[in-house]
Number of protein chains: 2
Amino acid sequence: MVATDNFQMPQGQAPFDLSAYLQERQNLVEAALDSAIPVIYPEKIYEAMRYSLLAGGKRLRPILCLATCEMAGGTIAMAMPTACALEMIHTMSLIHDDLPAMDNDDYRRGKLTNHKVYGEDVAILAGDGLLAYAFEFVAVNTRNVPAERVLQAIARLGRVVGAAGLVGGQVVDLESEGQADVSIETLNFIHNHKTAALLEACVVCGGILAGIPEADLQRLSRYAQNIGLAFQIVDDILDITATQEELGKTAGKDLQAQKATYPSIWGIEESQRQAQKLIQAAVAELNLFGEKARPLIAIAHFITSRTH
Amino acid sequence: MVATDNFQMPQGQAPFDLSAYLQERQNLVEAALDSAIPVIYPEKIYEAMRYSLLAGGKRLRPILCLATCEMAGGTIAMAMPTACALEMIHTMSLIHDDLPAMDNDDYRRGKLTNHKVYGEDVAILAGDGLLAYAFEFVAVNTRNVPAERVLQAIARLGRVVGAAGLVGGQVVDLESEGQADVSIETLNFIHNHKTAALLEACVVCGGILAGIPEADLQRLSRYAQNIGLAFQIVDDILDITATQEELGKTAGKDLQAQKATYPSIWGIEESQRQAQKLIQAAVAELNLFGEKARPLIAIAHFITSRTH
């Protein structure tokens with residue numbers, strides 16, 4: 001499905017063509033990812049890494065990183081290695097989360113999961129390989145950015161994957177599965193760490209690479225936290241309302257697994273209202289960037305309007 | 001067992017007390033690792049990371065990093081975060097290699113493996129957490145080293161874990177298992193990538209952080225590649241000759257798994273000769289560092305004389 005602007009822009013301004021914007025950036029990111037990983041001996045591991053990394057998807061995370069860097073006065077080129085690293089990290093977490101020992105998923109983005117194609121051993125190693133390569137890729141390929149900023153971005157990348165980020169969120173998620181009385185605090189912890197933290201890292205790293213002051217990084221953080229939580233709420237709603245074909249993954253899986261979700265606590269309508277409120281709060285954080293914030297504003301609205 | 005100098009030092013020089021040296025450095029590394037990872041919510045993941053990271057061992061890898069940095073004119077403090085990161089990376093690779101989907105080991109360093117204690121899901125995540133934290137730890141905690149050098153060290157760390165290092169070696173190792181006709185080239189590839197590459201990264205990162213010229217880094221590389229291969233040959237010999245109690249892990253496992261090893265190709269005596277030759281070649285690379293090279297020379301000899 002193609003995104004359209006379903007929100008009001010200030011009077012007298014031409015509407016922002018988000019759909020064209022996303023497509024253009026997605027092409028740039030695809031090309032960068034494709035050339036990032038060659039296939040050499042031992043071919044199987046590089047193929048397994050490429051299989052999941054190049055399996056499509058909207059590339060929302062790298063696009064957020066590029067868009068924030070540009071909004072904050074930097075360039076696409078400055079942020080591209082970090083944008084690719086963020087997609088490698090995201091892919092690694094999907095490969096490991098899908099493993100039989102974790103969520104035991106057979107399909108992802110409409111394709112067989114990594115371990116179904118390459119075996120569990122290679123899937124674990126492909127995730128490890130992508131994670132390690134993400135850091136190497138940023139350290140080696142980032143140009144025209146002071147080394148201190150690159151180090152700061154690397155520190156953020158490390159934090160967002162580790163026990164303080166994706167890994168911590170997944171541990172609590174696994175512990176909560178099958179429990180009927182998961183609190184809203186636990187649910188928030190899981191989603192903050194599994195979803196919002198990575199989106200936040202995308203946005204904040206874009207700002208870091210462009211060199212904006214700490215106070216503005218804080219605003220970017222709040223923007224990202226809000227859209228991150230909205231993103232997850234919409235995901236939960238779609239898990240109930242969308243079909244498997246639309247999602248490209250097993251639908252209704254949360255219900256089957258007796259997972260606590262926002263709709264299971266708030267109901268679908270209230271969940272939608274909460275997601276809208278979060279998007280409004282997110283957009284308000286970008287006022288100081290004026291006209292330049294249009295892509296990030298449009299992306300925020302896009303997140304709640306998506307249907308898969 | 002305690003190390004003793006079983007090699008000749010130049011005339012007129014007091015013997016170098018390697019045993020005391022290693023003990024002192026080991027204590028420093030233990031303390032740094034212990035304080036690197038707190039236990040906070042969600043406790044289970046931090047405990048799982050600490051369980052394997054603080055399970056003892058000689059800490060040879062971080063000690064090599066510290067020793068090289070000092071030899072090359074740097075300080076222990078400059079290299080300590082990277083030394084800790086190298087041990088985190090080593091630990092992560094052990095946790096993942098021990099998984100049922102990989103080598104399926106129940107014991108490591110005389111203790112139950114991580115997944116036997118915490119479950120496969122948490123063990124996978126503990127490895128991921130340690131790997132990600134290694135990079136964050138270096139980026140955040142390295143002091144009094146120019147940022148460019150820290151980035152260079154991070155690039156080395158990333159490379160040594162990924163498909164061009166540990167992960168690539170493990171893939172070929174898994175493919176070779178149960179095959180009767182593994183070539184010496186394949187065996188070399190596996191050990192270069194699973195063992196020697198990490199030791200090389202320890203030594204080279206120490207040199208990078210101290211800021212020595214590229215030509216000298218090349219010498220350090222060759223020193224490390226040689227001791228790395230010798231290390232693996234001795235490991236293979238010990239797998240045959242040592243008892244389970246001495247090794248702290250399942251002995252004779254390579255034979256059971258029909259793994260090709262150096263003794264299976266060369267026999268034990270020739271393997272020992274080859275290991276000695278490698279150590280001599282390693283030591284010759286350190287001539288330019290004079291007196292300051294004594295710890296690294298002693299460590300090289302220690303590697304072939306160890307009995308577990």
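For the structure itself, consult the block above.
Read on for an overview of the structure.

Criteria and cut-off values
- Residues numbered from 1 in each chain as written.
- Chains lettered and ligands numbered in written order.
- Predicted model: local features only at pLDDT ≥ 70, side-chain atom pairs only at ≥ 80, totals over all residues.
- Heavy atoms only, no water.
- Contact = heavy atoms within 4.5 Å.
- Salt bridge = Lys/Arg side-chain N within 4 Å of Asp/Glu carboxyl O.
- Polar contact = N/O pair within 3.5 Å; in protein donor to acceptor, adjacent residues only side chain to side chain.
- Helix = DSSP H or I, 4+ residues; strand = E, 2+ residues; numbered from the N terminus.
- Nonpolar A, V, L, I, M, F, W, Y, C, P; charged D, E, K, R; others polar.
- Core = buried A, V, L, I, M, F, W, Y, C linked by side-chain atoms within 4.5 Å.
- Buried < 20%, exposed > 50% of the residue type's maximum accessible area, 1.4 Å probe, protein only.
- Least-squares fit on C-alpha atoms with pLDDT ≥ 70 in both.

1. Some remarks on the interface of chain B and chain A
Consideration 1: Between chain B and chain A, the residue contacts involve 43 residues of the former and 43 residues of the latter.
Consideration 2: Put simply, chain B and chain A have 2 salt bridges between them.
Consideration 3: Counting across the interface, chain B meets chain A through 4 residue pairs in polar contact (both at pLDDT 80 or more).
Consideration 4: Looking at the side of chain B that touches chain A, the elements that each hand over two or more residues are helix 2 (43-53), helix 4 (76-97), helix 6 (120-141), helix 7 (147-161) and helix 8 (166-176) of chain B.
Consideration 5: Looking at the side of chain B that touches chain A element by element, the count peaks at 12 residues for helix 6 of chain B.
Consideration 6: Taken together, the residues of the side of chain B that touches chain A sort by class into 29 nonpolar, 6 polar and 8 charged.

2. Looking at the nonpolar core
Consideration 1: Counting 216 residues, the largest nonpolar core has Tyr-223 and Ile-299 of chain A together with Tyr-223 and Ile-299 of chain B as the members making the most contacts within it.
Consideration 2: Ranked by residues supplied to this core, first place goes to helix 6 (residues 120-141) of chain A with 14 residues.
Consideration 3: Each residue touching Tyr-223 of chain B, except ones within four places of it in the same chain, is listed here: Leu-64, Val-203, Ala-282, Val-283, Glu-285, Leu-286, Leu-296, Ile-299 and Ala-300 of chain B.

3. Regarding the pattern of salt bridges
Consideration 1: Counting across every chain of the model gives 28 salt bridges over all chains.
Consideration 2: A salt bridge links Glu-136 of chain A to Arg-159 of chain B; its shortest N-O distance comes to 3.9 Å. Of this pair, Glu-136 of chain A sits in helix 6 while Arg-159 of chain B sits in helix 7, on two different chains.
Consideration 3: Given the relative accessible area of 14%, Glu-136 of chain A is considered buried.
Consideration 4: Overlapping salt bridges, with partners in common, bring together Glu-30, Arg-59, Glu-87 and Arg-109 of chain A in one network.

4. As for the relation of the copies chain B and chain A
Consideration 1: Each copy superposes on the other: chain B lies on chain A with an RMSD of 0.0 Å after a rotation of 180° and an axial shift of 0.0 Å. What we have between these two chains is a two-fold relation. Of the C-alpha atoms belonging to chain B, the one lying closest to the rotation axis is found on Ala-147 of chain B, 2.7 Å away.
Consideration 2: Most of the interface of chain B is mirrored in chain A, where 100% of its interface residues are also at the interface.

Geometry only, nothing functional implied.
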